Each structure stands twice: as C-alpha cells, then as structure tokens.
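# A look at the structure
Here's the letter readout for the chains.
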Amino acid sequence: MAAKEKSLLPSGTIVPTHIGVIMDGNGRWAKKRGLPRKIGHREGAQTFRTITRHAKNLGVKYFTVYAFSTENWKRPADEVEALMDLFEKYLDEVRDFIEENIRICFIGDRTMLRPELQRKMKSVEEDSRDFDAMTLLIAINYGGRDEIVHAVKKLAKRVKEGSLSPDDINESVLENELYTAEIDGDIAPDVDLIIRPSGEQRLSNFMIWQSAYAEYYFTNILWPDFKPSDLEKAIIAYSDRNRRFGGV
Ligand code: FPP
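Below is a summary of the structure that appears in this document. In this text, all values refer to a predicted model and were calculated from it rather than measured experimentally.

## Comments concerning the pairing of strand 5 (residues 193-196)
What you see with strand 5 is no split at all: L193 and I195 on one side and I194 and R196 on the other are buried throughout. Of the pairings in the sheet, the one linking strand 1 (residues 18-22) to strand 5 comprises 3 bridges and is parallel in character. Residue pairing for strand 5: I19 is matched across the bridge by L193. Sheet topology places strand 5 next to strand 6 (residues 215-218); 4 bridges connect them, and they run parallel. From the neighbouring strand, R196 faces strand 6, where its bridge partner is F218.

Written as structure tokens, this is what we have:
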C-alpha cells in the first residue's frame, strides 16, 4: 500500500463532499519537454492516481475526473488510440484502488467505446460496488450537454409510454436520469468544487447541470505537475469561500 501523503489542511477546513477535476495540460507538459503528447497523458495518468488517493485520504466522498470528453474524438486518431490504450491499462491498475476501499464508477456514453474497454469498466464497477471510503467517477466519452439530452430522451420515452405526465417533470425528476444518477444504488450529489489546472478558465462541457452552485479553482500548473499539496490549496481556498446558494 502506498505511503499516505502528509496532510497540510489546517484544522477546521471544510472538505468538499464532491470534487471534480478537469485534468488539463498533459499535451503542453509534453511539448515543453519535446516529448510526444501521449507521454504527457501517461504522466497525467500517474498524477490521477496520486491525487485520487490523496482526495480519499483528505475525506472527499465523491471525486470525478474528466478523462475523455465527447469532443475529444476530434483529436488525431493516434492520440485517441493512445488514450484508449491508457484507460484499458489503468482499468487493470485501478484495481489497486479497490484495496483502498474506493468505489469506481463511470459516467458518459460508453456505447461508443471499444467492447473490451466496456467489459473492463463493467467488471471494475461490479467488483468495487460495496466500497465506501470514496466514490471515484471517471468521465469517459462524457459531455454535459450529451448527458442532459440522454436524460431528456429517457423522460420522453416514459411520457410516450404513459408512465410520466409532462406536468410532473421537475428538476429532481430530470436529475434522476443523469449519468450521475446511474450509479447502482446511489446518486452522486452536486459537485461542490471544480478544479481546472493549466491556466484555462472554462468548464468545457463538464458537469454543467451538477455544477450550478459549484465553486471554481483555477491554477496555471499543468496536470502532470499537480501535487497533493495543490489539491490541499484548492480545498483551503474552497473552505475560505462563503457559499450562499442564492440566499443572503
Ligand atoms: C487534457 O489535456 C487531458 C485529456 C484529454 C486526457 C486526460 C487523461 C488522462 C490524464 C489519463 C488518465 C486518466 C485515467 C482515468 C487513467 P490536453 O491533452 O488537452 O492538454 P493540452 O491542453 O496541454 O494539449
């Protein structure tokens, strides 16, 4: 088992229940070193591992990482293939997380992924379903708009079948059809804090429904260089903010 990173959180720090991370900057990290982009993704995958463990050790309950967006298919075929290879390799390795009592789930449209990858995703979900130290949500072929369309289609089918009246559709009914509600026996709560490294300050179609009241934390650090202490800094910044959820 990996040694626990020393936590620098001051006492009284409010740890967000649900953190989302847009793991950005792998390509630039590689370019700065004259390396192929896929090496940046490989380094990013190591960071993913370290930071996920640290999130659990700090008491985060839901941790969502944006691994591949519905728009990422536009990348060169060899980069997409390298990313899919990396996910498959990691699905073997994420089993380490199972030893740490971390439940693993996937959000996104998996029907477009390689059958072998889909099979491994299902098996990891099944094998980790009883673990409860933290739920890790890996967003693969995920898009926030696609997620809402997917939910609306499900509601439309129920209306057509006659099991749902349009007048009964409200936020909670729609929410129950999002990918984040498809975790067996559980619904991931709204995301509290979204971290985006690499200097970009946008959401890029990540959890657009679930982030309605999220706090954002941006840093110029490229994802492969993101350290456990950077996660702690983001949590401390979150803890210092005053969330009013539309109230006063
Ligand atoms: C964005 O950086 C990163 C991605 C599209 C891929 C993220 C994937 C990983 C970190 C691999 C590990 C994940 C798992 C679940 C094993 P970018 O390529 O857009 O970087 P750039 O903006 O510098 O070009």
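Having seen the model, we can carry on.
## Re the site of the ligand
Taken together, 19 residues lie around the ligand, and M23, G27, R28, R37 and R75 are the ones closest in. G27 places a main-chain nitrogen or oxygen 3.0 Å from an oxygen atom of the ligand. Protein chains bury 91% of the 630 Å² of accessible surface belonging to the ligand in isolation. The element that contributes the greatest number of residues to the shell around the ligand is helix 2 (residues 37-58), accounting for 5 residues. Grouping the constituent residues of the shell around the ligand by class yields 9 nonpolar, 6 polar and 4 charged.

## Considering the packing of helix 3 (residues 77-93) against helix 5 (residues 115-128)
Relative to each other, helix 3 and helix 5 sit at 30°, their axes nearing to 10 Å. With respect to helix 5, the axis of helix 3 lies roughly parallel. You can see that helix 3 and helix 5 cross each other, and the crossing is left-handed. Contacts between helix 3 and helix 5 involve M84, F87, E88, L91 and D92 from the first element and E116, L117, K120, M121 and V124 from the second. The class makeup of the residues in the contact of helix 3 with helix 5 is 6 nonpolar, no polar and 4 charged.

## Thoughts on the pattern of salt bridges
What the rule picks out here adds up to 20 salt bridges. With its nearest N and O atoms 3.5 Å apart, the salt bridge here joins D24 to R28. Its relative accessible area of 17% is what places D24 among the buried residues. Across the pair D230 and K233 runs a salt bridge whose closest N-O atoms are separated by 3.7 Å. With D230 and K233 both in helix 8 (residues 228-240), this residue pair falls 3 residues apart, about one helical turn. Classification of K233 as partly exposed rests on a relative accessible area of 47%. Via salt bridges that share partners, D24, R28, R196, E200 and R202 belong to a single interconnected network.

## Focus: helix 6 (residues 144-161)
Over its 18 residues, helix 6 extends 26 Å from the first C-alpha to the last, a length consistent with the 26 Å expected when each residue adds 1.5 Å. Where helix 6 is concerned, the buried positions are G144, E147, A151 and L155. End-on view of helix 6: buried residues confined to an arc of 70°, all on one side of the axis. Seen from the open side of helix 6, the exposed residues pointing more than 90 degrees away from its buried face are R145, K153, K157, K160 and E161. Lining the buried residues of helix 6 we find strand 4 (134-142) and helix 7 (171-175). After helix 6 finishes, the residue G162 shows a positive phi value of roughly 90°.

## A closer look at the nonpolar core
Of all hydrophobic cores here, the largest spans 44 residues; its most connected members are F48 and F63. Considering every element that reaches this core, the biggest residue donor is helix 3, with 7 residues. Ranked by size, the runner-up nonpolar core spans 16 residues in total, among them A139, A188, F206 and M207.

## Remarks on the environment of G25
With respect to the helices and strands, the residue G25 is situated in the loop between strand 1 and helix 1 (26-32). For the pair formed by G25 and G44, sequence separation is 19 residues and the distance between their alpha carbons is 8.5 Å. For G25, the residues in contact, after removing those within four places along its chain, are S198, L222, W223 and P224.

## Considering the packing of helix 2 against helix 3
Contact pair helix 2 / helix 3: the axes reach a minimum separation of 10 Å and the direction vectors enclose 25°. On the basis of their axis angle, the class for helix 2 and helix 3 is roughly parallel. The way helix 2 lies across helix 3 gives a crossing that is right-handed. On helix 3, the residues touching R37, K38, H41, R42, A45, Q46, F48 and R49 of helix 2 are E79, A82, L83, L86, Y90 and E93. Considering only residue class, the contact of helix 2 with helix 3 consists of 6 nonpolar, 2 polar and 6 charged.

Calculation notes
- Residues numbered from 1 in each chain as written.
- Predicted model: local features only at pLDDT ≥ 70, side-chain atom pairs only at ≥ 80, totals over all residues.
- Heavy atoms only, no water.
- Buried < 20%, exposed > 50% of the residue type's maximum accessible area, 1.4 Å probe, protein only.
- Helix = DSSP H or I, 4+ residues; strand = E, 2+ residues; numbered from the N terminus.
- Pairing = 2+ DSSP bridges.
- Near = heavy atom within 4 Å.
- Polar contact = N/O pair within 3.5 Å; in protein donor to acceptor, adjacent residues only side chain to side chain.
- Areas by Shrake-Rupley, 256 points an atom, 1.4 Å probe, with all protein chains shown as cover.
- Nonpolar A, V, L, I, M, F, W, Y, C, P; charged D, E, K, R; others polar.
- Axes fitted to C-alpha atoms, helices over the stretch in contact; angles between N-to-C directions.
- Parallel < 35°, antiparallel > 145°, perpendicular 65-115°, else oblique.
- Left-handed = near helix turned anticlockwise from the far one by under 90°.
- Contact = heavy atoms within 4.5 Å.
- Salt bridge = Lys/Arg side-chain N within 4 Å of Asp/Glu carboxyl O.
- Expected span 1.5 Å × (residues − 1).
- Arc of directions from axis to C-beta.
- Core = buried A, V, L, I, M, F, W, Y, C linked by side-chain atoms within 4.5 Å.

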